Amino acid sequence: MRRTLNMERLKPIMLGGTGSDVGKSVLAAGLCRIFLQDGYTPAPFKAQNMALNSYVTPDGLEIGRAQAVQAEAAGVECMAEMNPVLLKPSGKMTSQVVLNGLPVGNKDAYDYFRKENKEPLRREVHAAFDRLSARYNPIVMEGAGSIAELNLRDSDIVNMSMAAYADAAVILVADIDKGGVFASAYGSIMLQKEEDRKRIKGIIVNKFRGDEKLFEQGRKMMEKICGVPVIGVVPYLDDIHIEEEDSVSLAKKSNAHTEENLINVAVVATPHISNFTDFDTISRDPRVHLYFTSEPAELLNADVIILPGSKNTLSDLKAIQTNGCADAIIKASALGRTVMGICGGYQMMGESVDDPDGVEGEPDSMAGLGLLPVNTVLKGSKTVRRVRFTMDGCTDLNSGYEIHMGISTLENGASPMVIKEDGSVDGCRVSEMVCGSYIHGILDNTGVIDMLLKPHALRKGLPESGNVEPYREYKERQYDALAQRLRDCLDIDLLYKIMRE
């Protein structure tokens, strides 16, 4: 049960990692929920994030998906201050830089990580932290990658330098599932400058498989060699679902169809896939087997093919034309399979995609798959907004969000896919089997899923509705389950003691 508001001021806490993909984001979400349950007003913060999976704030700004998820767990609306610098890789060692929620241009990796280029960004992230800290308590900070990248120390704005500015207590997160957990924890601590080493107040051993009692001796050894307490050993949480933003998680998902009497839904695994959380809700539909693939044969085994969002539409369009996926998608459509495009995938399904100003690199123009009577011109201005909409065959008022660079024009007589709440239209639909839209999160709406799957459900004798739990309710249950699991395996009293010092 939620306690009354707790006005006690706590020191910020930073989860720093021994490496990338050690589970910092999920642990931060869990701690945000715990602090909320305990009566505090927490908020997440990550100075700099690199991800293709982003989200839209209520005021139309863009941040990393992980911080939006952590804000949900904290019970607050996300805001640009929670992730002031977002890097969106666009290929050829370049990234789009999103500063305080707005794109400010592209940078190559060498120029971006030079020390002399980081001071203006450092001032921006410090100011964002100050604004956030003035409103929320405590701030749950997340580092990026490893905290011991010596070659990046001078240009660091997200790890130990940010912890120093915020006067945060650092908890090191070590992934035991990767192996070498003692070396990675010890090395991450001992490679710090003395003043930074003193900020590290504890270790969380994450992703432990098996009986935790088997690590009791290891826990004592780690405390002895590292000189800080092990706050807890967290099991591999494969039964709790928290949205992920790192595409490395796609390697854990299915990549092939099933022979069971289910609707096979294939998501095309393009090189620059973005916002793959678009498919989390449909993956929970009991009628569906969802898989990600770049194999033409597996696309032809699907009942429904979805072309996902992309950070580089033209590059991904070239990729699917080269590897045979484009021909497979066209053939599947001719055979009566459903093909749907979302954002960049919607652009690829059209007649053409033109980039006259080199928004995605060098100026270019390509023919699309020709499945929709749509022509797209990529523009430098970026559309970022939340939307509510209706569509034929789905009477509910649905919600989603747009993040795209480009304008798609329908040929005369073509029908849009959705009608937005403000009366404007989006997307294109030539039949119940071929459609596309710019709206991310469109498949978080169960009515849209039922409409998309209806022809295949009828053919396979499956129910017309999957009766999937509404996504928001599902996520709230997951946050609570995560918080309880962390309470069971972490020394929360010790954590509070550290944050009160």
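Residues numbered from 1 in each chain as written. Predicted model: local features only at pLDDT ≥ 70, side-chain atom pairs only at ≥ 80, totals over all residues. Heavy atoms only, no water.

Chemist: Would you mind showing me how to read the overall build of the protein chain here?
Modeler: In terms of helices and strands, the protein chain carries 16 helices and 28 strands. In terms of C-alpha radius of gyration, the protein chain reaches 23 Å, essentially the compact-globule figure of 23 Å for 501 residues. Reported as C-alpha extents along the three principal axes, the dimensions of the protein chain are approximately 70 × 50 × 40 Å. Classification of the 501 residues of the protein chain by burial places 58% in the buried group. Residue pairs at least 24 apart in sequence account for 74% of intrachain contacts in the protein chain once pairs closer than 6 positions are excluded. Summed over all atoms, the accessible surface of the protein chain reaches about 20,400 Å², with 50% contributed by carbon and sulfur. Within the protein chain, one finds 56 positive and 70 negative side-chain charges whose respective centroids are separated by 5 Å. (Helix = DSSP H or I, 4+ residues; strand = E, 2+ residues; numbered from the N terminus. Rg over C-alpha atoms; globule rule 2.2 N^0.38 Å. Buried < 20%, exposed > 50% of the residue type's maximum accessible area, 1.4 Å probe, protein only. Contact = heavy atoms within 4.5 Å. Areas by Shrake-Rupley, 256 points an atom, 1.4 Å probe, with all protein chains shown as cover. Lys, Arg positive; Asp, Glu negative; His and termini not counted. Charge placed at Lys NZ, Arg CZ, Asp CG, Glu CD.)

Chemist: Looking at this structure, I do not really get the nonpolar core. What am I missing?
Modeler: For soluble globular proteins, nonpolar side chains are generally found buried alongside one another. With 65 residues, the main nonpolar core has Val265, Phe279, Ile282, Ile320, Ile329, Ile442 and Leu443 as its most contacted residues. Considering every element that reaches this core, the biggest residue donor is helix H14 (residues 446-460), with 6 residues. Not counting chain neighbours up to four residues away, the residues in contact with Ile442 comprise Met340, Ile342, Phe389, Met417, Val418, Ser437 and Val448. Among the nonpolar cores identified, the runner-up in size contains 55 residues, and Ala71, Met82, Leu121 and Val170 belong to it. (Core = buried A, V, L, I, M, F, W, Y, C linked by side-chain atoms within 4.5 Å.)

Chemist: Teacher, can you tell me more about the sheet that holds strand S23 (residues 394-404) here?
Modeler: Adjacent strands of a sheet form backbone hydrogen bonds with each other and so pair up, either parallel or antiparallel. Pairing is antiparallel in the open sheet, where 4 strands are placed in the order S23-S22-S25-S26. The sheet is open, and its two borders are formed by S23 and strand S26 (425-426), each paired with just one other strand. Relative to S26, strand S25 (residues 418-420) is paired through 2 bridges, and the arrangement is antiparallel. Within the sheet, the bridge partner assigned to Ile419 lies in S26 and is Val425. (Pairing = 2+ DSSP bridges.)

Chemist: Just to check I follow, could you spell out the sheet that holds strand S9 (residues 139-146) for this structure?
Modeler: The parallel open sheet is built from 6 strands, whose spatial order is S2-S9-S1-S10-S11-S12. Among the strands making up the open sheet, the edge pair consists of strand S2 (43-45) and strand S12 (230-235). On average, adjacent strands in this sheet sit at an angle of 25° to one another, irrespective of strand direction. Pairing of strand S1 (residues 13-17) with S9 involves 4 bridges; the strand directions are parallel. Following the sheet pairing, Met14 is matched in S9 by Met141. Packed onto the sheet, helix H4 (residues 119-135) meets S2 and S9 and runs at close to 170° relative to S2. (Axes fitted to C-alpha atoms, helices over the stretch in contact; angles between N-to-C directions.)

Chemist: Looking at this structure, how should I read helix H8 (residues 216-226)?
Modeler: Buried within H8 are the following residues: Gly218, Arg219, Met222 and Cys226. End-on, the buried residues of H8 take up no more than an arc of 105°, which puts them together on one face. Turned more than 90 degrees from where H8 packs its buried face, Gln217, Lys220 and Lys224 sit exposed. On the buried face of H8, the contacting elements are helix H6 (181-190), strand S11 (200-208) and S12. (Arc of directions from axis to C-beta.)

Chemist: Can you walk me through unusual backbone geometry in this structure?
Modeler: Comment: phi is negative for the bulk of residues other than glycine, and the bulk of peptide bonds are trans. Here the amide bond leading from Asn137 into Pro138 is cis, since omega sits at 0°, within 30 degrees of zero. One non-glycine residue, Lys207, lies in positive phi territory at about 65°. The topology assignment puts Lys207 in strand S11. On the accessibility criterion, Lys207 (12% relative accessible area) is buried. Phi at Cys343 is positive, roughly 55°, even though this residue is not glycine.

Chemist: So what exactly am I meant to see when it comes to the packing of helix H1 (residues 24-37) against helix H15 (residues 471-489) here?
Modeler: When two helices pack together, their arrangement is given by the angle between the helix axes and the distance between those axes. The contact between H1 and H15 brings their axes to 8 Å, and the two run at 90°. What the angle tells us is that H1 and H15 run roughly perpendicular. Packed against H1, whose contacting residues are Val26, Leu27, Ala29, Gly30, Leu31, Arg33, Ile34 and Gln37, the element H15 presents Glu476, Tyr479, Asp480, Leu482, Ala483, Leu486 and Arg487 at the interface. Taken together, the residues of the contact of H1 with H15 break down into 9 nonpolar, 2 polar and 4 charged. (Parallel < 35°, antiparallel > 145°, perpendicular 65-115°, else oblique. Nonpolar A, V, L, I, M, F, W, Y, C, P; charged D, E, K, R; others polar.)

Chemist: Would you mind showing me how to read the pattern of salt bridges here?
Modeler: The full count for this structure, using the stated rule, is 33 salt bridges. Residue Arg472 pairs with Glu476 through a salt bridge whose shortest N-O separation is 3.4 Å. Of this pair, Arg472 and Glu476 both sit in helix H15, 4 residues apart, which is roughly one turn of that helix. Residue classification places Glu476 among the partly exposed residues on the basis of a relative accessible area of 25%. The network of salt bridges with common partners includes Asp21, Asp175, Lys178 and Lys207. (Salt bridge = Lys/Arg side-chain N within 4 Å of Asp/Glu carboxyl O.)

Chemist: Explain the pairing of strand S22 (residues 383-391) here, please?
Modeler: Successive residues of a regular strand alternate their side chains across the two faces of the sheet. Judged from the 8 bridges that link them, S22 and S23 form a sheet pairing that is antiparallel. Looking at the pairing, Arg386 lines up with Tyr401 of S23. Between the end of S22 and the start of S23, which pair antiparallel, lie 2 residues, with Gly393 showing a positive phi angle near 85°. Strand direction decides the pairing type here: S22 and S25, joined by 2 bridges, are antiparallel. Bridge pairing in S25 places Phe389 opposite Lys420.

Chemist: Help me out: how do you make sense of the side chain of Glu298 in this one?
Modeler: Along the chain, the position of Glu298 falls in helix H10 (residues 296-300). Buried within the structure, Glu298 lacks any salt-bridge partner; Arg337 is the closest side chain of opposite charge, at an N-O distance of 9.9 Å. Once you skip the residues sitting within four places of it in the chain, Glu298 turns out to touch Asn255, Ala256, His257, Tyr291 and Thr293.

So yeah, pure geometry; function would need other evidence.
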